[in-house]
Amino acid sequence: MPVLIIILVIAVILLCSSLRVVRQANAYVIERLGTYTATWGVGLHLMVPIIDKVARRVSLKEQVADFPPQPVITKDNVTMRIDTVLFFQITDPKLYCYGVENPLAAIENLTATTLRNIIGDLELDQTLTSRETINSKMRATLDEATDPWGIKVNRVELKNIMPPAAIQESMEKQMKAERERREQIIRAEGEKQAAITVSEGEKEAKILRATADKEATILAAEAKKQAAILEAQAQREAAIQRAQGNAEAIRQVQQAEADAVRMMNEAAPSQATIAVRGLSTFERASQGPANKLIIPSELAGVTGLATAVTEAIKTGKESPKTAPKAE
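Residues numbered from 1 in each chain as written. Predicted model: local features only at pLDDT ≥ 70, side-chain atom pairs only at ≥ 80, totals over all residues. Heavy atoms only, no water.

A. Inspection of the overall build of the chain at higher detail. Helix and strand counts for the chain stand at 8 helices and 9 strands. Residues counted as buried form 19% of the 327 residues belonging to the chain. Considering only contacts in the chain between residues 6 or more positions apart, those separated by 24 or more positions represent 64%. (Helix = DSSP H or I, 4+ residues; strand = E, 2+ residues; numbered from the N terminus. Buried < 20%, exposed > 50% of the residue type's maximum accessible area, 1.4 Å probe, protein only. Contact = heavy atoms within 4.5 Å.)

Encoded structure:
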């Protein structure tokens, strides 16, 4: 029984040591007696004790390699230092383990060689302004070269380009001169736009003043016209009122005369009364030093009759009981 228990314990220990769990984004390269056997992916796996061995644990995540600055020479013989950043991913763990002895060192040396080849075909100005082109060429070259190693190069970036101090100083002066030139151009453009704006403003002001003067003249003319129309209407209304007043006065005079005639006709006056009224009328007409009265001959007898009537009235008042003598 003790031997059996010992054997069972050893078996359990061996079984537990033979179980392997592969985590996400990882891969295990397995060797059996020193020979590649399999690549384990994510999950639970059972290996043969003593015979099988995990040769290498490989991460399948995208990795970043930041290489130190590399000295390169441009086409116009300018030496500069460029440091690069490489983004790569392991796609085949078997090739990654058995394709090259030290993958990162191999990628670094390959990056430096490729960078020198590409920069050697470019001049300084092209190098400084063609980063995207250099990145694309390096990525394509490195991806093709690292494919047998089970590595895929996703992206290559030029982190920094460091020209010599003298060239860098000259470039700074050139950039300063370029900034001053742009500043002068911008200032000149601003002054030009300001002059154009002022000119347009003066033009607009003149147009507005002319428009205002025109409107004022039109309004003044309209006001004079309206005043003349109103004055003419007022004079017309006054003339109408005067004419209506004269007409009313004439009508009232005629109405009064007609009423007087009517009343006289209704009263049936005697001839003597008519003569007296006529004399009263002539008397009123002859008042005033500048009035001249011409009496027709037909009225002489009337005048005499009126005088006789007047005398008879006076005589009758003085002696009512004495009768006048006939001549």
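Here the narrative resumes, following the displayed structure.
B. Representation of the packing of aromatic side chains. Under the defined criterion, the tally for this structure stands at 1 aromatic pair. For the pair Y36 and Y98, a centre-to-centre distance of 5.9 Å together with 75° between the ring planes defines the contact as edge-to-face. One end of the pair, Y36, is in strand β3 (residues 35–40); the other, Y98, is in helix α2 (residues 93–98), and 62 residues separate them in sequence. Take Y36: its relative accessible area is 26%, and that puts it in the partly exposed class. When its relative accessible area of 40% is taken as the criterion, Y98 is described as partly exposed. (Phe/Tyr/Trp six-rings, centres within 6.5 Å; stacked < 30°, edge-to-face > 60°.)

C. Main features of the nonpolar core. Ranked by internal contacts, the top residues of the largest apolar core, which has 30 residues, are I82, L86, L115, I134, M138 and L158. Where this core is concerned, the elements lending two or more residues are β8 (79–90), α2, α3 (103–119), α5 (131–146) and β9 (151–162). Ignoring any residue separated from it by four or fewer positions in sequence, one finds L86 in contact with Q63, V64, A65, F67, I107, T111, L142, V153, R155 and V156. In this structure, V22, Y28, W40 and V54 belong to the second largest nonpolar core, which totals 6 residues. (Core = buried A, V, L, I, M, F, W, Y, C linked by side-chain atoms within 4.5 Å.)

D. Looking closely at the sheet that holds strand β5 (residues 52–59). Pairing within the open sheet is antiparallel, and its 3 strands lie in the order β3-β2-β5. Looking at strand neighbours, the two that pair on one side only are β3 and β5, the edges of this open sheet. For this sheet the average axis-to-axis angle between neighbouring strands, irrespective of direction, equals 25°. Alignment of strand β2 (residues 26–32) against β3, held across 5 bridges, turns out to be antiparallel. Residue pairing in the sheet places Y28 in a bridge with W40 of β3. (Pairing = 2+ DSSP bridges. Axes fitted to C-alpha atoms, helices over the stretch in contact; angles between N-to-C directions.)

E. Structural view of the side chain of T146. Take T146: it is sitting in helix α5. The exposure class assigned to T146 is buried, which follows from its relative accessible area of 0%. Polar side-chain contacts of T146 include one of 3.2 Å to the backbone oxygen of I151. Beyond its immediate chain neighbours, meaning those up to four positions away, T146 contacts I107, L110, I151 and V153. (Polar contact = N/O pair within 3.5 Å; in protein donor to acceptor, adjacent residues only side chain to side chain.)

F. View of the confidence of the model for the chain. Confidence along the chain averages 80 in pLDDT terms, with 80% of residues attaining 70 or more. Averaged over each element, pLDDT in the chain is lowest for helix α8 (residues 300–318) (50) and highest for β2 (93). Across residues 319–327, confidence stays below pLDDT 50; counting only partners more than four residues off in sequence or on other chains, it has 0 contacts. (pLDDT = per-residue confidence, 0-100.)

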